[in-house]
Amino acid sequence: MWIAAIILIGVGGLLLYFRKRTQDRLLDIRFVKTSSIAETLEEQRTIAAELGPGGYAQQKEFKGTVRCDAPLTGELSGQPCVYYTMSVEERYEETYTERDSQGNTQTRTRTGSAVVASNTQHTRFLLDDGSGSIAVDFDGASVDARKVVERYEPYAGGGGSLRVGSFTLSLGMAAGPRRVLGYQYRESIIPVGQALYALGEVNDSGGEAVLRRPGDKKAPFILSIKSEEELTRDSERSITFLLWGAVGCFVIGAVLLALSF
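Residues numbered from 1 in each chain as written. Predicted model: local features only at pLDDT ≥ 70, side-chain atom pairs only at ≥ 80, totals over all residues. Heavy atoms only, no water.

> Just to check I follow, could you spell out the nonpolar core for this structure?
Proteins that are soluble and globular tend to have nonpolar side chains buried together. One finds F125, L127 and I134 to be the most contacted residues of the largest nonpolar core, which totals 21 residues. Those elements giving two or more residues to this core turn out to be α2 (37-51), β1 (57-67), β3 (80-99), β5 (125-128), β6 (133-136) and β12 (195-203). Counting residues per element, this core draws most heavily on β12, at three residues. If sequence neighbours within four positions are ignored, L127 has contacts with I37, F62, G64, T65, V66, G132, S133, I134, V136, L196 and A198. One finds L76, F167, Y183 and Y185 within the second-largest nonpolar core, a separate group that totals 16 residues. (Core = buried A, V, L, I, M, F, W, Y, C linked by side-chain atoms within 4.5 Å. Buried < 20%, exposed > 50% of the residue type's maximum accessible area, 1.4 Å probe, protein only. Helix = DSSP H or I, 4+ residues; strand = E, 2+ residues; numbered from the N terminus. Contact = heavy atoms within 4.5 Å.)

So, in structure tokens, the structure goes:
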């Protein structure tokens, strides 16, 4: 019982850690004011003229529209985008044998699932707020994307292959006690033309002003199809839930710890 108590107390501490991280993220969203891209680029050019390239690094918040001349294509949706993440999950049913305490064996059936394919791709793009545009580097970003594929298709059997959009998966014949029931397809994207909230660091270390992951690893880098108001509400809810979850873990853990002695 004391082991369960220690685990619960540890989980409570972990929830408080994530709560603190969420609070820090919320503070940045609230207190970093939205900047004009044109004014930011002018500021960067002025500093570069005085100090040379690589001397500019500022945390910035932008709200604009995604532009890209050479976009990616979502594997499942076929839609032009600058980011996509997809997965294909196989759902199956299988029989298994278990032995009870008397040594008797019983055959049972259970269902399960396994990811048989997944992929995430992104490309650099321009964020345009009407005053100007700035290049955005996805690496290291916390991404909120738009779900465009979420469907389940039963499997008729017979091997062959699955084909959805540009995605193809070769199938083998089912063997043993496992029977494939079907496949769950999921894909989320940031499409070209999407309104986007962006919070990160603009720096010109490569000679060009780019919005990218901050040098300070604790600072957020957010690319989201959600508005600033939606992100604020989500963070506030998470902070509340994480607090109550931590309190619950500590209380139950303390009770179990007391009962174990």
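> Help me understand the packing of aromatic side chains in this model?
Given two aromatic rings, their pairing is described by the distance between the two centres and the angle made by the two planes. Per the stated rule, a full pass over the model turns up three aromatic pairs. Between Y83 and F138, the ring centres sit 5.4 Å apart and the planes meet at 20°, which makes this aromatic pair stacked. On the criterion of sequence distance, the pair formed by Y83 in strand β3 and F138 in the loop between β6 and β7 (142-144) is long-range, its members being 55 residues apart. Comparing Y83 with F138 shows no difference in burial state: the two are buried. Here the aromatic rings of F125 and F138 are separated by 5.5 Å at their centres, their planes lie at 50°, and the arrangement is tilted. Here F125 is found in strand β5, whereas its partner F138 is found in the loop between β6 and β7, with 13 residues between them in sequence. A relative accessible area of 3% places F125 in the buried class. (Phe/Tyr/Trp six-rings, centres within 6.5 Å; stacked < 30°, edge-to-face > 60°.)

> What is the right way to read the side chain of E90 from this model?
Relative to the assigned elements, E90 resides in strand β3. For E90, a relative accessible area of 14% puts it in the buried group. For E90, the side chain forms a polar contact with the side chain of Y183, separated by 2.9 Å. Dropping the residues within four chain positions of it, E90 is found in contact with G112, S113, A114, V116, R178, V180, G182 and Y183. (Polar contact = N/O pair within 3.5 Å; in protein donor to acceptor, adjacent residues only side chain to side chain.)

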